[in-house]
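In case you want the letters, here they are:
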Amino acid sequence: MTMLDNYFKLKESGTDVRTELLAGLTTFLTMAYIIFVNPSILGDAGMPKEAVFVATCLVAALGSAVMGLYANYPIGMAPGMGLNAYFAYAVVLGMGVAWQAALGAVFISGCLFILVSVLGLRGMIVNGIPHSLRVAITVGLGMFLALIALKNAGIVVGSEPTLVKAGDLHKPEAIMAIVGFLLIVTLDRLKVRGAILIGIIVVTVLSFFFGGNTFRGVFSAPPSIDPTLFQLDIPGALSSGIINVVLVFFLVELFDATGTLMGVASRAGLLVEGKMARLNKALLADSGAIVAGAVLGTSSTTAYIESAAGVQAGGRTGLTALAVAVLFLACLFIAPLAGVVPAYATAPALLFVACLMLRDLGEIEWGDTTESIPAAITALVIPFTYSIAEGIAFGFITYAALKLTTGRARDVKPVVWVIAGLFIFKIVYVGT
């Protein structure tokens, strides 16, 4: 115990081994839903679900371990929600990009993330992006996730005259998804640990009775990861048609990771004068996990805001994250259970996370239309075009244009002009 105390500086942080391990269990329970959701989403893109399940567990364990051992922060990591949906539904299914090339794009974005972290450019980029656009990207991701969730639950379906309409709410799948969503929100409100995971499990159990699902057992040896391991196609990702995909992965990863790290650290009381002492180490752990995930066969990995639950339970050091890593490794042996989870069982989890992502709307400065309009455009275009890339492109271009036409061009940081210019070039010379 003395060795753990010395390495993680437990006493200095006002904690102990028991508290840290319980905090790790708490964080794990709040984010374990990803082992069911990620294979479901990436499976829709044609990726082998069992291999994605293994990749998800491995990269979550690896990322969390590195975050704990290298950066010494109580922050769990796993493939990010929103980014996996963008990967599957916008890039692979929407743009027709092979999933192997999409993994290549994730790999390149991770390498760029490592580069800006090492060179110390992260602060310049993040600080150069207007707060309104950063908030809008998060809100747009939430709306995108909500649309996917409602579609997977059969609550929203396609319609030629009106684009979308309400589905058949008498179907067992839709009813079970609604029950699951209400259960998750209720449990979360009552501060029950693992509310999202419980919701997924309950709907999956109901699916055996009302959805024609078949039970295949709980435990087994881990499936093979060969179908996704080293399958990334970097040359395919470097083609001109996917440059904007790399840019979107990079920008969202950058904002998501930085925002989550700062938010959890603030709640844990780990900020010194508003700054994280080891932020660069945390970002390197984050970006390294992105690269590793692409090699293993999953979409972008990021720090999880659910880590705040572990912090609330007393987690203050990397030992919490290390406990999360060990628990994700243990999940490798429940592949049969993960394989029977239907899409409408994970839909309530997606919708709940989506709703939480909309709460940042209040941070937008609605009185200044040169800030609020680009933010609204970004948030609206993402779900309505079924593309995060298009939403971000329209947002940055609108922001730069309005600042220019209203005589406030000097208020725009250079990085915004660069990003807007790249998107304009892409639209004019490559197409949407």
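Here, every reference points to the structure presented above.
Residues numbered from 1 in each chain as written. Predicted model: local features only at pLDDT ≥ 70, side-chain atom pairs only at ≥ 80, totals over all residues. Heavy atoms only, no water.

1. Structural notes on the overall build of the chain
Right, on to step 1. What the chain contains, in helices and strands, is 20 helices and six strands.
Right, on to step 2. On C-alpha atoms alone, the chain measures out to a radius of gyration of 21 Å, which is about the 22 Å that the 2.2 N^0.38 rule sets for 432 residues.
Right, on to step 3. Taking the principal axes of its C-alpha atoms as reference, the chain extends roughly 60 × 60 × 45 Å.
Right, on to step 4. Counting the 432 residues in the chain, one finds 56% classified as buried.
Right, on to step 5. Restricting to contacts in the chain with at least 6 residues of sequence separation, those with at least 24 account for 82%. (Helix = DSSP H or I, 4+ residues; strand = E, 2+ residues; numbered from the N terminus. Rg over C-alpha atoms; globule rule 2.2 N^0.38 Å. Buried < 20%, exposed > 50% of the residue type's maximum accessible area, 1.4 Å probe, protein only. Contact = heavy atoms within 4.5 Å.)

2. Thoughts on the nonpolar core
Right, on to step 1. If you look at the biggest cluster of nonpolar residues, it comprises 128 residues, and the most contacted ones within it are Ile 35, Met 67, Tyr 86, Phe 87, Phe 328, Ile 388 and Ile 392.
Right, on to step 2. Here this core gets 12 residues from one element, more than from any other, and that element is helix α12 (residues 243-267).
Right, on to step 3. Ignoring sequence-local partners within four residues, the contact set of Phe 328 consists of Phe 28, Met 31, Ala 32, Ile 34, Ile 35, Cys 57, Ala 60, Ala 61 and Met 77.
Right, on to step 4. Ranked by size, the runner-up nonpolar core spans six residues in total, among them Val 135, Ala 136, Val 139 and Ala 379. (Core = buried A, V, L, I, M, F, W, Y, C linked by side-chain atoms within 4.5 Å.)

3. Description of empty space enclosed by the protein
Right, on to step 1. In the structure shown here, the tally under the stated rule is one cavity of 30 Å³ or more.
Right, on to step 2. Roughly 30 Å³ of internal volume is contained in the largest cavity.
Right, on to step 3. Surrounding the largest cavity, Asn 244, Ala 389, Glu 390, Ala 393, Phe 423, Lys 426 and Ile 427 form its lining.
Right, on to step 4. Elements with a minimum of two residues in the lining of the largest cavity: α19 (388-405) and α20 (414-430). (1 Å grid on protein atoms, 1.4 Å probe; cavity = no way out; pocket = protein on both sides within 12 Å on 5 of 7 lines; lining within 4 Å. Points joined across faces, edges and corners; volume = space filled by probe spheres on them.)

4. Points about the packing of aromatic side chains
Right, on to step 1. Scanning the entire structure with this criterion turns up seven aromatic pairs.
Right, on to step 2. Each ring, one from Tyr 7 and one from Phe 8, has its centre 5.0 Å from the other, and the planes form 75°; the classification is edge-to-face.
Right, on to step 3. You can call Tyr 7 partly exposed: its relative accessible area is 46%.
Right, on to step 4. Arranged with centres 6.5 Å apart and planes meeting at 50°, the rings of Tyr 33 and Tyr 304 form a pair that is tilted. Residue Tyr 33 is found in the loop between α2 (17-31) and α3 (34-44), and its partner Tyr 304 is found in the loop between β6 (301-303) and α14 (307-312); the two are separated by 271 residues along the sequence.
Right, on to step 5. By relative accessible area, which is 3% here, Tyr 304 ends up buried.
Right, on to step 6. Joined through ring pairs, the aromatic side chains of Tyr 86, Phe 87 and Phe 249 make up one cluster. (Phe/Tyr/Trp six-rings, centres within 6.5 Å; stacked < 30°, edge-to-face > 60°.)

5. What about the packing of helix α8 (residues 131-152) against helix α17 (residues 343-357)?
Right, on to step 1. Axis separation between α8 and α17 bottoms out at 8 Å; the angle between their running directions is 155°. Accordingly, the angle class assigned to the pair α8 and α17 is roughly antiparallel. Two packed elements cross with a definite hand, and for α8 against α17 that hand is left-handed. Only Ala 343, Tyr 344, Ala 347, Leu 350, Leu 351, Val 353, Ala 354 and Met 357 of α17 make contact with α8, whose side of the interface consists of Thr 138, Val 139, Leu 141, Gly 142, Leu 145, Ala 146, Ile 148, Ala 149, Leu 150 and Asn 152.
Right, on to step 2. Residue composition of the contact of α8 with α17, by class: 15 nonpolar, three polar and no charged. (Axes fitted to C-alpha atoms, helices over the stretch in contact; angles between N-to-C directions. Parallel < 35°, antiparallel > 145°, perpendicular 65-115°, else oblique. Left-handed = near helix turned anticlockwise from the far one by under 90°. Nonpolar A, V, L, I, M, F, W, Y, C, P; charged D, E, K, R; others polar.)

6. Structural notes on the pairing of strand β3 (residues 163-166)
Right, on to step 1. Of the pairings in the sheet, the one linking strand β2 (residues 156-159) to β3 comprises four bridges and is antiparallel in character. In the strand pairing of β3, Val 157 is matched with Lys 165.
Right, on to step 2. The antiparallel hairpin formed by β2 and β3 contains three residues in its connecting segment. (Pairing = 2+ DSSP bridges.)

7. Describing helix α6 (residues 99-118)
Residues separated by three or four positions in an α-helix point in the same direction, a consequence of the helix having 3.6 residues per turn.
Right, on to step 1. Here α6 spans 29 Å end to end across 20 residues, near enough to the 28 Å set by a 1.5 Å rise per residue.
Right, on to step 2. Within two residues after α6, Gly 120 carries a phi angle of roughly 75°, on the positive side. (Expected span 1.5 Å × (residues − 1).)

8. Quick word on the packing of α8 against α19
Right, on to step 1. In the contact formed by α8 and α19, the axes pass within 10 Å of each other and the chain directions differ by 155°. Our classification of the angle between α8 and α19 gives roughly antiparallel. Like other packed secondary-structure pairs, α8 and α19 cross with a definite hand, here right-handed. Between α8, through Ser 132, Leu 133, Ile 137, Leu 141 and Phe 144, and α19, the contact on the second element is made entirely by Ile 388, Ile 392, Gly 395, Phe 396 and Tyr 399.

9. Concerning the layout of surface pockets
Right, on to step 1. Of the pockets and cavities examined, the second largest pocket occupies roughly 410 Å³.
Right, on to step 2. In this structure, the second largest pocket is lined by 21 residues; those nearest its centre are Ile 125, Leu 247, Phe 250, Val 418 and Leu 422.
Right, on to step 3. Among the secondary structure elements, those contributing two or more residues to the lining of the second largest pocket are α6, α7 (122-128), α12 and α20.
Right, on to step 4. Here the lining of the second largest pocket is built from residues that sort into 18 nonpolar, two polar and one charged.

10. Re helix α10 (residues 195-210)
Right, on to step 1. Taking 1.5 Å per residue, 16 residues should reach 22 Å; α10 reaches 22 Å between its end C-alpha atoms and fits that length.
Right, on to step 2. The secondary structure elements touched by the buried residues of α10 are α2, α3, α9 (172-189) and α17.
Right, on to step 3. Following α10 by one or two positions, Gly 212 adopts a phi angle in the positive range, close to 70°.

11. What to know about the environment of Ile 148
Right, on to step 1. Looking at where Ile 148 falls in the secondary structure, it is placed in helix α8.
Right, on to step 2. You can call Ile 148 buried: its relative accessible area is 1%.
Right, on to step 3. In this structure the C-alpha to C-alpha distance between Ile 148 and Pro 235, which are 87 residues apart in sequence, comes to 30 Å.
Right, on to step 4. Ile 148 has contacts with Ala 85, Tyr 89, Leu 350 and Tyr 386, leaving out every residue within four places of it along the chain.

12. Some words on the pattern of salt bridges
Right, on to step 1. For the coordinates displayed, the defined rule picks out three salt bridges.
Right, on to step 2. For Arg 408, the salt bridge identified is with Asp 368, shortest N-O distance 3.2 Å. Pair noted here: Arg 408 is in the loop between α19 and α20 and Asp 368 is in the loop between α17 and α18 (369-385), with a separation of 40 residues, a long-range link.
Right, on to step 3. Close ionic contact of Glu 371 with Lys 403 constitutes a salt bridge, the shortest N to O distance being 3.0 Å. With Glu 371 in helix α18 and Lys 403 in helix α19, the pair connects residues that are 32 residues apart, well separated along the chain. (Salt bridge = Lys/Arg side-chain N within 4 Å of Asp/Glu carboxyl O.)

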